[in-house]
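Structural overview
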Amino acid sequence: MKVININEINKISNAQIIDIREKKEVQINKIDGSKNIPMTGLILNPNMFLDKETTYYLYCNTGARSYKTCQFLDGLGYNVVDLSGGISNYKNNEIL
């Protein structure tokens, strides 16, 4: 399993980004272009949402849930990368 800082995601083109937080958390903030698949659903039915040929970048609020989820999915053979630090540490790199 690979881990990168969440702020590195802006350097990856066409990244398949998955926000594993609950829907109410996503309403507060999210990474543009990310897809919301709550952690429970992803763990219970990974083959419904993922394929083993694609690399997915997962994040949550602080990084704890995404790390555990990536460990689990990696063990099943999925290509997953944990976005360390979570959305609470994300900087969208816009010039203000």
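As shown above, the structure is provided for reference.
Here, residues in each chain are numbered from 1, in the same order as that chain's written sequence. A pLDDT threshold of at least 70 governs which residues receive local features in this predicted model, and a stricter bar of 80 or more applies before side-chain atom pairs are shown or counted, although totals over entire chains, interfaces and linings include all residues. Heavy atoms from the whole structure form the basis of all side-chain values; hydrogens and water molecules are not counted.

Focus: the overall build of the chain
If you tally the helices and strands in the chain, you get four helices and five strands. The helix and strand labels rest on DSSP assignments: H or I over at least four residues marks a helix, E over at least two residues marks a strand, and numbering proceeds from the N terminus. The secondary structure elements of the chain, listed N-terminal to C-terminal, are β-β-α-β-α-α-β-α-β. Based on C-alpha atoms, the radius of gyration is set beside the globule rule, defined as 2.2 Å times the residue count to the power 0.38. Against the compact-globule benchmark of 12 Å for 96 residues, the chain has a radius of gyration of 12 Å, which places it among compact chains. Dimensions of the chain, computed from the C-alpha atoms along their principal axes, are close to 40 × 25 × 20 Å. Burial classes follow relative accessibility: with a 1.4 Å probe on protein chains only, a residue under 20% of its type's maximum area counts as buried, one over 50% as exposed, and anything between as partly exposed. Looking at the 96 residues of the chain, the share that counts as buried comes to 39%. Across the chain, every contact between residues at least 6 apart in sequence was considered, and the portion connecting residues at least 24 apart equals 65%. Accessible areas in this description were obtained via Shrake-Rupley with a 1.4 Å probe; residue shielding takes into account the shown protein chains only. Per element, the accessible surface of the chain, about 5,800 Å² overall, is 49% carbon and sulfur. Neither His nor the chain termini are counted; the positive set is Lys and Arg, and the negative set is Asp and Glu. By convention, charge coordinates are those of NZ in Lys, CZ in Arg, CG in Asp, or CD in Glu. With 11 positive and 10 negative side-chain charges, the chain shows a separation of 4 Å between the mean positions of the two kinds. Throughout, a residue-residue contact means that at least one pair of heavy atoms, one from each residue, lies within 4.5 Å.

Notes on a nonpolar patch on the surface
To count toward a patch, a residue needs a relative accessible area over 30% and no salt bridge; like charges are then connected within 9 Å, while nonpolar side chains (Val, Leu, Ile, Met, Phe, Trp, Tyr) are connected within 5 Å. Each salt bridge in this description consists of a side-chain nitrogen of Lys or Arg and a carboxyl oxygen of Asp or Glu lying within 4 Å of one another. Taken together, the side chains of Met1, Val3 and Tyr67 define a hydrophobic patch exposed on the protein surface, amounting to about 250 Å² of accessible area. Tracing the chain through its elements places Val3 in strand E1 (residues 2-5).

Some words on the sheet that holds strand E3 (residues 35-36)
In sheet architecture, strand pairing relies on hydrogen bonds along the backbone and comes in two forms, parallel and antiparallel. Here, strands pair whenever DSSP counts at least two bridges between them. The sheet built from five strands is open, its strands ordered E1-E5-E4-E2-E3 with parallel pairing. Edge positions in the open sheet fall to E1 and E3, since each of these has one partner strand only. Sheet analysis places strand E4 (residues 55-59) next to strand E5 (residues 79-84), joined by four bridges and oriented parallel. Bridge pairing links Leu58 to Asp82 in E5. With respect to the sheet, helix H4 (residues 64-75) is in contact with E1, E4 and E5, its orientation differing from that of E5 by roughly 165 degrees. An axis is simply a line fitted to the C-alpha atoms; with a helix, the fit covers only the stretch in contact. Between two such axes, the angle follows the N-to-C directions and lies from 0 to 180 degrees.

Regarding the environment of Ala15
Turning to its location among the elements, Ala15 is positioned in the loop between E1 and strand E2 (16-19). Here Ala15 is in contact with Ile9 and Tyr57, once residues within four sequence places are set aside.

A closer look at the environment of Gly41
For Gly41, the location among the structural elements is in helix H2 (residues 39-44). Owing to a relative accessible area of 26%, Gly41 belongs among the partly exposed residues under this scheme. For the pair Gly41 and Gln71, spaced 30 residues apart in sequence, the C-alpha to C-alpha distance is 16 Å.

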